[in-house]
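Listed below are the residues making up each chain.
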Amino acid sequence: MHTACICVNEFNGVGINTFLKIREDFENYKNFIFIQVGMVDSGNFKGEEELQNLEDNVKDNLNKYKDLAHAYGCYADSYYAIGTDVADEVKELSKKVVHKYHRVIFFVGNAIFARPSSLTRMLHNQTQLTLQNRLAHKGFMMVMIPIKLTTD
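Report on the accompanying structure. (Residues numbered from 1 in each chain as written. Predicted model: local features only at pLDDT ≥ 70, side-chain atom pairs only at ≥ 80, totals over all residues. Heavy atoms only, no water.)

Here we look at the packing of aromatic side chains
To describe a pair of aromatic rings, you give the distance between the ring centres and the angle between the ring planes. Enumeration according to the criterion identifies eleven aromatic pairs in this entry. Where Tyr29 meets Phe107, the ring centres are 5.8 Å apart and the plane angle is 90 degrees; that geometry is what we call edge-to-face. Taken together, the positions of Tyr29 in strand 2 (residues 29–39) and Phe107 in strand 4 (residues 104–113) put the pair 78 residues apart, joining distant regions of the chain. Each member of the pair, Tyr29 as well as Phe107, is classed as buried. Each ring, one from Phe34 and one from Tyr65, has its centre 5.2 Å from the other, and the planes form 20 degrees; the classification is stacked. Separated by 31 residues along the polypeptide, Phe34 in strand 2 and Tyr65 in helix 2 (residues 48–71) bring together distant segments of the chain. (Phe/Tyr/Trp six-rings, centres within 6.5 Å; stacked < 30°, edge-to-face > 60°. Helix = DSSP H or I, 4+ residues; strand = E, 2+ residues; numbered from the N terminus. Buried < 20%, exposed > 50% of the residue type's maximum accessible area, 1.4 Å probe, protein only.)

Here it is in structure tokens:
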């Protein structure tokens, strides 16, 4: 059976729409794995309590995604990491996913703005391309799902 592994960041419209688009366009996918990296930076690295809050938030997000997949009658699992480099952490998580599941393709939602500004370009950096490059070096396929957003 085909397995879709979706790289998510928070429980939000991009992740939800990525899941729904895969369900619509890739009908053979009934297994969904959600992976998320809790990003440690100077804003949340203020002690053990804040790291625990970050981890709890990541787990909560992933549980919401699993509940969404279950609501559509799909199998769901999740993996997470807490770290400073999203691409490196996703690469490590991807090895675990591929070891456990077969015929895995990785997916990531790519926010496409109707009218991109310099701010949206700055905020939505090249993380997806970096992920694709790191996964390709491991021999894993990644598909970017365009998600149209408006800034109105």
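That shown, we press on.
Here we look at the pattern of salt bridges
Any two side chains of opposite charge can pair, so long as their charged atoms come close to each other. Applying the stated criterion to the full structure yields eight salt bridges. A salt bridge links Lys21 to Glu24; the nearest nitrogen and oxygen atoms lie 3.8 Å apart. Of this pair, Lys21 and Glu24 both sit in helix 1 (residues 13–25), three residues apart, which is roughly one turn of the helix. You can call Glu24 exposed: its relative accessible area is 52%. Lys64 serves as the salt-bridge partner of Asp60, at 3.4 Å between the closest nitrogen and oxygen. Note that Asp60 and Lys64 are positioned in helix 2 at a spacing of four residues, about one turn of the helix. Relative accessible area serves as the criterion here: at 35%, Asp60 is assigned to the partly exposed category. Accessibility expressed as a relative area gives 37% for Lys64, which makes it partly exposed. (Salt bridge = Lys/Arg side-chain N within 4 Å of Asp/Glu carboxyl O.)

Quick look at the sheet that holds strand 1 (residues 2–8)
Spatial ordering of the open sheet is given by 3-2-1-4-5, a layout of five strands whose pairing is parallel. Both edges of this open sheet fall to strand 3 (75–83) and strand 5 (142–149), since each of them pairs with a single strand only. Sheet twist, expressed as the mean angle between neighbouring strand axes with direction ignored, is 25 degrees. The pairing of strand 4 with strand 5 spans eight bridges and is parallel. Across the sheet, the residue bridging to Ile112 is Lys148, located in strand 5. (Pairing = 2+ DSSP bridges. Axes fitted to C-alpha atoms, helices over the stretch in contact; angles between N-to-C directions.)

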